[in-house]
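Structural overview for review
Take a look at the letters that make up each chain.
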Amino acid sequence: QVQLVESGGAMVQPGGSLRLSCAASGIIFSAHAMGWYRQAPGKQRELVATITSGASRNYADSVKGRFTISRDNAKNTVYLQMNSLKPEDTAVYYCNTKRGSLNYWGQGTQVTVSS
């Protein structure tokens, strides 16, 4: 079965950096687009960034220039490098992929940006 396991969430001060990781199994990783989403308390889940199998990247306007999505097909892992973090980046961050008509999600990792 498809499994996505996120890690790397933490509490950081504004202006700090974090790198999230998502290890995937149960899929031919190199053939799949991967994405990062986030959900803040009381808000809907929103797209943060996606990367295709060909490594084309797409970002939400709110994170452009600060976040970078990347993938390592040898490790079946997708990363989200987050720099210049702001309090409004506080959320649970989820890894996502699709197979056919099905969406798969990880369990999420908490990122808190606070002084």
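Further up the page is the structure itself.
Residues numbered from 1 in each chain as written. Predicted model: local features only at pLDDT ≥ 70, side-chain atom pairs only at ≥ 80, totals over all residues. Heavy atoms only, no water.

1. Digging into the pattern of salt bridges
Applying the stated criterion across every chain yields a total of 4 salt bridges. Note that Asp89 and Arg38 form a salt bridge whose closest N and O atoms lie 2.9 Å from each other. With Asp89 in the loop between strand 8 (77–82) and strand 9 (91–99) and Arg38 in strand 4 (residues 34–39), the pair connects residues that are 51 residues apart, well separated along the chain. In this pair, the class of Asp89 matches that of Arg38, namely buried. Each of Arg38, Glu46, Arg66 and Asp89 takes part in salt bridges that share partners, so that together they form one network. (Salt bridge = Lys/Arg side-chain N within 4 Å of Asp/Glu carboxyl O. Helix = DSSP H or I, 4+ residues; strand = E, 2+ residues; numbered from the N terminus. Buried < 20%, exposed > 50% of the residue type's maximum accessible area, 1.4 Å probe, protein only.)

2. Some points on the sheet that holds strand 3 (residues 18–25)
If you trace the 4 strands from one edge of the open sheet to the other, you get 1-3-8-7, paired in antiparallel fashion. Of all the strands in the sheet, just strand 1 (3–7) and strand 7 (67–72) have a single pairing partner and so form its edges. Adjacent strand axes in the sheet meet at a mean angle of 15°, parallel and antiparallel pairs treated alike. Examined bridge by bridge, strand 7 and strand 8 share 6 bridges and lie antiparallel to one another. (Pairing = 2+ DSSP bridges. Axes fitted to C-alpha atoms, helices over the stretch in contact; angles between N-to-C directions.)

3. A few points about the pairing of strand 4
Of all 6 residues in strand 4, 5 are buried, a share of seventy percent or more. As paired strands, strand 4 and strand 5 (residues 46–51) are joined by 5 bridges and run antiparallel to one another. Bridge assignment links Trp36 to a residue of strand 5, and that residue is Ala49.

4. Topic: the nonpolar core
One finds Trp36, Val78, Leu80, Met82 and Tyr93 to be the most contacted residues of the largest nonpolar core, which totals 30 residues. For this core, the elements supplying multiple residues, two or more each, are strand 3, strand 4, strand 5, strand 7, strand 8, strand 9 and strand 11 (109–113). In terms of residues, this core owes the most to one element, strand 3, which gives 4 residues. (Core = buried A, V, L, I, M, F, W, Y, C linked by side-chain atoms within 4.5 Å.)

5. Examining the packing of aromatic side chains
Applying the stated rule across the entire model yields 2 aromatic pairs. When the ring of Tyr94 is compared with that of Trp105, the centres are 6.4 Å apart and the planes differ by 90°; the resulting orientation is edge-to-face. Of the two residues, Tyr94 is situated in strand 9 and Trp105 in strand 10 (residues 102–105); the sequence distance between them amounts to 11 residues. Since its relative accessible area comes to 14%, Tyr94 is described here as buried. The rings of Tyr37, Tyr94 and Trp105 are connected pair by pair, giving a single aromatic cluster. The side chain of Arg45 reaches across the aromatic face of Tyr94, ending 3.7 Å from its centre. A cation over an aromatic ring shows up here: Arg45 above the ring of Trp105, its NZ or CZ 4.5 Å from the ring centre. (Phe/Tyr/Trp six-rings, centres within 6.5 Å; stacked < 30°, edge-to-face > 60°. Lys NZ or Arg CZ within 6 Å of the ring centre and 35° of its normal.)

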